[in-house]
Structure formats: structure tokens, C-alpha cells
Amino acid sequence: MNSILASRDTSGNNTKVQDSLGLLVTQKGTIRLPLINSVKVVGLTEDEASKVLIAEYKKYIRNPYVTVEITNQRVVVIGEVQKPGVVPIVNGTMNLIEVISRSGYLTPLASRTNIQIIRGDLRHPEVRKIDLTDGESLLTSSLLLKPNDIVYVQARQMDGYNKAFEEAVPFFATISAMLNPFVQVHVLQGDTYKNPTY
């Protein structure tokens with residue numbers, strides 16, 4: 001399809017930018033292609049979609065060859081990592097360790113015992129907890145991530161409290177500085193009443 005997309009480019013700039021375009025799947029789960037029009041691909045794997053497209057193109061082309069690649073798969077990483085954000089999935093699969101390493105690894109505040117993988121609808125998500133310090137649980141639990149998973153790396157509990165305290169200190173310092181003259185005046189007045197001079 002890349003050659004067809006490039007030939008449709010009216011700007012004359014059919015370089016690597018055009019090669020990386022691809023086709024967007026609509027909300028109905030279909031894609032529009034030359035000759036065969038709309039084809040439903042939602043819920044199909046890459047191989048299954050290729051077979052469906054080959055069957056459709058056989059009606060018009062003698063020996064069609066179709067490869068399908070999903071290009072916008074990604075995982076979102078938030079929390080205590082060096083570079084939170086979107087991590088593209090390479091080669092169709094990626095595991096938790098790869099995603100964390102692509103995010104610049106964990107910060108010193110990160111909890112290694114409670115990393116959460118959030119999957120599915122955000123109203124009713126499926127949440128899995130992974131403990132990176134427990135080798136046995138790493139072997140038994142699946143670390144493979146799916147597209148649109150959210151990886152949340154929590155802060156260690158005490159570090160979270162310390163961080164909240166550090167953020168609150170400037171506020172209390174400001175209040176203390178504002179109230180300091182009134183406290184000193186009250187102390188001075190109290191001393192004057194205790195030790196009157198005649």
C-alpha cells in the first residue's frame with residue numbers, strides 16, 4: 001500500500017514520511033482500500049487481517065501479497081520513572097522490563113514492590129500488581145504488556161509522605177514568618193505585666 005499512498009501524494013514528497021503513513025482504522029473497525037473499498041479488520045490479528053485482504057484482492061489481482069502491520073501501538077508509563085510518557089511497542093510485543101528501561105529506569109523514590117499495570121476500560125479497569133524484588137513472582141506472572149496498557153510506578157510510602165511534607169514546608173514557613181511579629185509583641189507584653197517597673 002505504501003507505493004499507492006506515495007502515488008496519491010500531491011506534494012511530490014514521496015519519501016520515508018509517506019512510507020510511514022499507513023491507513024487509519026475507522027470507529028466502525030474498517031479500512032478503505034483501492035479496488036475492495038471498506039473491509040472490516042477490528043478484532044483481527046495482523047496475520048488474520050492479511051488473509052482477509054488477500055482473499056478480497058484475489059477477486060481483482062492474480063497473486064496478491066499483503067502484509068499488515070499495526071503502527072500506533074503504545075504503552076503509557078506514569079509515576080516514578082525518569083521519563084514518563086508514551087512508549088511505542090516494537091515488534092508487536094513488549095514486556096514490563098523493556099518498557100521501564102525505555103522510560104529511563106526508576107527514580108530513587110520509586111517503589112519496586114508495587115508497580116501496577118492497568119488494562120481495559122478506565123471505568124472498570126483490570127489492575128495487576130508486580131513486585132520487581134520477588135524473583136519467583138516475576139517467573140510466575142506474565143510481564144507481557146498489551147497495547148494501551150498503563151504502567152503506574154508508585155512512590156515508596158514514606159518517600160511519598162516526605163515529599164508531601166517538603167512541599168508543605170514553604171507554606172508553613174510563610175505563615176510562621178507572618179505571625180512571628182505578633183507572637184513577639186505578645187511575649188513582650190506578657191513580660192511587662194509580670195515585672196512592672198516604677
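First, a word on scope: everything that follows refers to the structure included in this document.

Conventions used here
Residues numbered from 1 in each chain as written. Predicted model: local features only at pLDDT ≥ 70, side-chain atom pairs only at ≥ 80, totals over all residues. Heavy atoms only, no water. Helix = DSSP H or I, 4+ residues; strand = E, 2+ residues; numbered from the N terminus. Buried < 20%, exposed > 50% of the residue type's maximum accessible area, 1.4 Å probe, protein only. Contact = heavy atoms within 4.5 Å. Salt bridge = Lys/Arg side-chain N within 4 Å of Asp/Glu carboxyl O. Pairing = 2+ DSSP bridges. Axes fitted to C-alpha atoms, helices over the stretch in contact; angles between N-to-C directions. Polar contact = N/O pair within 3.5 Å; in protein donor to acceptor, adjacent residues only side chain to side chain. Core = buried A, V, L, I, M, F, W, Y, C linked by side-chain atoms within 4.5 Å.

Observations concerning the environment of V81
- Positionally, V81 belongs in the loop between strand 3 (74-79) and strand 4 (85-88).
- Given the relative accessible area of 4%, V81 is considered buried.
- For V81 and L109, which are 28 residues apart along the polypeptide, the C-alpha to C-alpha distance reads 9.0 Å.
- Those residues in contact with V81 that lie beyond four places of it in its chain are S103, Y105, L106, T107 and V153.

Focus on the pattern of salt bridges
- Inspection of the entire model under this criterion finds two salt bridges.
- Two residues, K59 and E56, come together in a salt bridge whose shortest N-O distance is 3.3 Å.
- Classification of E56 by relative accessible area gives partly exposed; the value is 25%.
- The residue R119 makes a salt bridge to D149 at a minimum N-O spacing of 2.7 Å. Taken together, the residues R119 in strand 6 (residues 110-119) and D149 in the loop between strand 8 (144-145) and strand 9 (150-155) connect sequence positions 30 residues apart. Here R119 matches D149 in class, with each residue buried.

Overview of the sheet that holds strand 9
- Taken in spatial order, the five strands make up an open sheet running 4-3-9-6-7, and their pairing is mixed. Edge strands, defined here as strands with exactly one partner in the open sheet, are strand 4 and strand 7 (126-130). On average, adjacent strands in this sheet sit at an angle of 25 degrees to one another, irrespective of strand direction.
- One ladder, built from four bridges, connects strand 3 with strand 9; its direction is parallel. Bridge assignment links G79 to a residue of strand 9, and that residue is V153.

Observations regarding the pairing of strand 4
- Both strand 3 and strand 4 contribute to a ladder of four bridges, which runs antiparallel. Residue pairing for strand 4: V75 is matched across the bridge by V87.
- The turn joining strand 3 and strand 4, which pair antiparallel and follow one another in sequence, is formed by five residues.

Details of the side chain of N114
- If you trace the backbone, N114 turns up in strand 6.
- Residue N114 is classed as buried on the basis of its relative accessible area, which comes to 18%.
- Among the polar contacts listed, one links the side chain of N114 to the side chain of Q154, at a separation of 2.5 Å.
- Setting aside residues up to four positions removed in sequence, N114 forms contacts with K129, I130, Y152 and Q154.

Looking at the nonpolar core
- Residues V75, V77, L96, V99, V151 and V153 are the most contacted members of the largest nonpolar core, which totals 18 residues.
- Secondary-structure elements contributing two or more residues to this core are strand 3, helix 4 (96-102), strand 6 and strand 9.
- Apart from residues lying up to four places away in sequence, L96 is in contact with I115, I117, I130, L132, L143, L145 and V151.
- One finds I31, V39, A49 and L53 within the second-largest nonpolar core, a separate group that totals nine residues.

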